[in-house]
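Take a look at the letters that make up each chain.
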Amino acid sequence: MSEAAGPAAARAPDPAPGGDGRRPGVPDGRGPGAGDARALAADGAGRAPGVADGRDPAADGKGRAPVADDRGPLADGSRDAGWLRLDPRTVLVRVVLFAGVLAGAALPVTFALAGPRPLWQAVAWVAAGVTLALVTDILAETVRLRRTRYRIGAERVELHTGLLVVQRRSLARERIRSADLTANPLQRVLGLVKVRIGTGEHTGGSESTLELDLVTRAEGERLRHELLARPAAPEQPDHEHALATFDPRWIRYAPVSFLAPALGGAAAGAVMQVSEWFGAQGEVIDWIGDRFQDVSVPWMILVLLLLAVVAGAVGALGLWVEMWWNYRLEREPGGTLRVSRGLFTARSVSIEERRMRGIELVEPLGVRLFGAARVDAVATGLVKDDDDKHADLKSLLPAAERAVADRIAAQVLREPEPPTGAPLVAHPRAARARRVRWALAGVLLPVAVLLLLGLLLTPVLLYVAAGCAVVLGPVAVLFALDAYRALGHGVSGAYLVTRSGTVRRVTVALQRSGVIGWTVKQSYFQRRAGVLTLTATTAAGAGAYDVLDADRGEGLVFAADAVPDLLGPFLEPVPTPEARSTEG
């Protein structure tokens, strides 16, 4: 692919030089400044921008206009070809969003200023400040738009921006691993998207990503296809149907996630915070007390907790619908997995299959009790988007029935059977004893503190300590036993499989060829119990996956057999105990 000399839609084959060695558009061998004003900044293929096919480059039918053409230079004097600007409506979108932020901040500021002065005076001060801020933002966004341009070349993607501090950044095209599209409701109404181009490198900054904020949706789709285009293998079909689409029945797993109680607590905190802004926090507390004046304190606390849980469940339902509505998982030609989803904010995430190193089957406690699981990708180059906290780039499937999750895992990995469903080797009983001891220690330590404080301060704490021991002790033991039953490891074809966790159980199927190292850890207590922890190191996903408290001899042999020639030279022959199979 040669570097574009104009808009991508106006590309044409390179014109062949004439028989006398002259380039088209440069008569009599004279340079571009010798009387031919249209032969400006010819590119490496000998084309003049805007005259490659005789058409007006600004009229490509997609609303894109090149920044540099034969009508004059850029603001910085550059006449390089192929540069494109962001969509002019970018200014409108960003100003409207900033106005919403100002409106949200204006209300509490107005009430704060209205205390020592009349209300009309506070409103006037706030209105003047909002107007000044909006005018400043409009000017700043206009300058940003005019100073921002990008170019998709044959070898690099370039982005130039800035006025006082000019940034000139570029990414090599062979290193690009993602081109994700995002659009909030306002952007969707205007037909605009944000394009986030990344190399997938964990550099701890923005050096590995470029953001085009904003372009038209057609331009975003063109960039995504062009940057991620890969030749399809001969055995692969030109088009494959969707692997999974939105199923309304999945929404029943939203209220049982850990997000529900967190949202409930956030809702209660928001009520108290807003009431404090209006100086009515005391009235709110009194109103709640009046509602429960004939109810004992424990029952009041229980009812309030239930109300918070209900509010959190409603919030979790709403958030799930916003995140996963219109969900679709499909495999595109050339081996790219694409996840598109979102009700108000539309998101499109692409993962190249050559970057895939395995699958994670995630089962939070509430979801697992209902027989469901979520599917995440273990892939290289998945960097979390800090600007969008809801953009979980590795999620391939929301919480769904376990059979559906296993089927999607197998289809994503192109395996006839899901590796995550393979039988696993159980861990020794010493691992169970360790978990029970740690669980009891986690309960007895705060109980001992309460007993000590009860002896020194008040006998009430003694009853609290006894209640904690009676209630939390059995619960901790149950969790410890469940954590032991979750432990397991094994090999399923080309995949190493490991499972652990109770509150959040995770089953990982990792390509054996993707393991680049083993770390063997053994604490003093593990040495006494005859167990150890193996950590498979990889360049994908979390970077390291543990096989917790495996039998010392069996675990080392497992690691040596799973990835031959990596750990074997460092081991002495040891007897292998008979493996016991376990079910999740």
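What comes next concerns the included structure. (Residues numbered from 1 in each chain as written. Predicted model: local features only at pLDDT ≥ 70, side-chain atom pairs only at ≥ 80, totals over all residues. Heavy atoms only, no water.)

## What to know about the packing of helix 5 (residues 259-277) against helix 7 (residues 297-324)
Taken N-terminus to C-terminus, the directions of helix 5 and helix 7 make an angle of 115°; their axes are 7 Å apart at the nearest point. The angle between helix 5 and helix 7 falls in the class roughly perpendicular. Handedness of the helix 5/helix 7 crossing: right-handed. Listed contacts from helix 7 to L259, A260, L263 and G264 of helix 5 are A308, G312, A313, G315, A316 and L319. By residue class, the composition of the contact of helix 5 with helix 7 is seven nonpolar, three polar and no charged. (Axes fitted to C-alpha atoms, helices over the stretch in contact; angles between N-to-C directions. Helix = DSSP H or I, 4+ residues; strand = E, 2+ residues; numbered from the N terminus. Parallel < 35°, antiparallel > 145°, perpendicular 65-115°, else oblique. Left-handed = near helix turned anticlockwise from the far one by under 90°. Contact = heavy atoms within 4.5 Å. Nonpolar A, V, L, I, M, F, W, Y, C, P; charged D, E, K, R; others polar.)

## Re the pattern of salt bridges
Scanning the entire structure with this criterion turns up 29 salt bridges. For the salt bridge of E226 with R222, the shortest nitrogen-to-oxygen distance reads 2.6 Å. Here E226 and its partner R222 are both found in helix 4 (residues 217-228), four residues apart, which amounts to about one turn of the helix. Note that R485 and D482 form a salt bridge whose closest N and O atoms lie 3.8 Å from each other. Of this pair, R485 and D482 are both found in helix 11 (residues 460-486), three residues apart, which corresponds to roughly one turn of the helix. One salt-bridge network, in which partners are shared between bridges, spans R217, E221, R224, E332 and R338. (Salt bridge = Lys/Arg side-chain N within 4 Å of Asp/Glu carboxyl O.)

## A look at unusual backbone geometry
Here the bond from D213 into L214 is cis, since omega is 15°, no more than 30 degrees from zero. Mapped onto the elements, L214 comes out in strand 7 (residues 209-216). Even without a glycine there, the phi angle at D549 is positive, about 50°. Along the polypeptide, D549 turns up in strand 21 (residues 544-551).

## With respect to the sheet that holds strand 3 (residues 156-161)
One open sheet accounts for four strands, arranged 1-2-3-4; its pairing is antiparallel. With partners counted over all chains shown, the strands left at the sheet margins are strand 1 (84-85) and strand 4 (167-172), one partner each. Sheet topology places strand 1 next to strand 2 (residues 149-152); two bridges connect them, and they run antiparallel. Along strand 2, the bridge assignment pairs L84 with Y150. (Pairing = 2+ DSSP bridges.)

## Comments concerning the environment of E226
According to the relative accessible area criterion, E226 is buried, its value standing at 10%. Remark: the alpha-carbon pair of E226 and A179, spanning 47 residues in sequence, is separated by 9.6 Å. (Buried < 20%, exposed > 50% of the residue type's maximum accessible area, 1.4 Å probe, protein only.)

## Structural notes on the pairing of strand 7
Burial runs high along strand 7: seven of the eight residues are buried. Bridging between strand 6 (residues 192-198) and strand 7 involves seven bridges; their strand directions are antiparallel. Following the sheet pairing, V193 is matched in strand 7 by V215.

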